[in-house]
There are 2 protein chains.
Amino acid sequence: MAKNLKYVLLLDCYGELLTKRQKQIAELYYNEDFSLSEIAEMQNITRQAVRDSLRHSENILLQTEEKLGMADRMLQMRFCLEQILEYSESEQIIKLAKNGLALL
Amino acid sequence: MAKNLKYVLLLDCYGELLTKRQKQIAELYYNEDFSLSEIAEMQNITRQAVRDSLRHSENILLQTEEKLGMADRMLQMRFCLEQILEYSESEQIIKLAKNGLALL
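The rules behind each value
- Residues numbered from 1 in each chain as written.
- Chains lettered and ligands numbered in written order.
- Predicted model: local features only at pLDDT ≥ 70, side-chain atom pairs only at ≥ 80, totals over all residues.
- Domains from an automatic or database assignment.
- Least-squares fit on C-alpha atoms with pLDDT ≥ 70 in both.
- Contact = placed C-beta atoms within 7 Å.
- Helix = DSSP H or I, 4+ residues; strand = E, 2+ residues; numbered from the N terminus.
- Nonpolar A, V, L, I, M, F, W, Y, C, P; charged D, E, K, R; others polar.

**Q** Would you take a moment to explain the domain arrangement of chain A for this structure?
**A** When the parts of a complex come together, some accessible area is lost, and that lost area is often used as the size of the interface. Under the domain assignment, chain A is made up of domain 1 (5–68) and domain 2 (73–102). Here domain 1 of chain A and domain 2 of chain A have C-alpha centroids that lie 30 Å from each other.

What follows is the structure, encoded as structure tokens:
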């Protein structure tokens, strides 16, 4: 179970499809960088239960991305808008690109 | 059951979360503008079964949008990129904005 950027992105896109408990555990692990043991103590469950919850959540997130592909599109859109920001000298375009980035 | 743009957008975003059959019926109704009776005949089911399938699909699409809000973000992003296209005079920015629109 690698704490990588992929799951941070997927959690951001599809976290609301998890149960409240699953989302909470996944956020503690991926976004706030707590360890399995630390989360187990915080949630008053076993380390194995934390691991099982994360694995289950990862499957839901991966399967949803496989179907919808929104996280990938969001990532490409971010790259596109960042390039617009980099190359534009127009105040108006820069403002629009920043508005676009705020949606991601 | 209004054949409105909202469901066309939601179907585009979340159609893959429906079963193959549900998606097929919803696409015939919303994207290809067939009537309930026409779809019933094509699918060899009753008009009521078509209506039930559409209602069920609409619930799934609406509930998913309520949780994820992707269709709304996509719509706002489209508006933002179209404004960039409208106001920019740089070839490079126009190309980037078109790339962005192609992701939506």
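Next comes the rest of the write-up.
**Q** When you look at the relation of the copies chain B and chain A in this model, what are you seeing that I'm missing?
**A** For the pair chain B and chain A, the relating rotation is 180°, the translation along its axis is 0.0 Å, and the fit reaches an RMSD of 0.0 Å. The symmetry that links the two subunits is that of a two-fold axis. Measuring from the rotation axis to each C-alpha of chain B, the shortest distance belongs to B:Met70, at 4.0 Å. When you check the interface residues of chain B against chain A, 100% turn up at the interface there too, and the contact is symmetric in its surfaces.

**Q** Please clarify how the interface of chain B and chain A should be interpreted in this entry.
**A** Listed as interface residues are 23 residues of chain B and, on the opposing side, 23 residues of chain A. Mapped onto the side of chain B that touches chain A, the elements with two or more residues apiece are α4 (47–68), α5 (70–87) and α6 (91–102) of chain B. Take the side of chain B that touches chain A: its biggest share by element is 9 residues, from α5(B). Tallied by class, the residues present in the side of chain B that touches chain A amount to 13 nonpolar, 7 polar and 3 charged.

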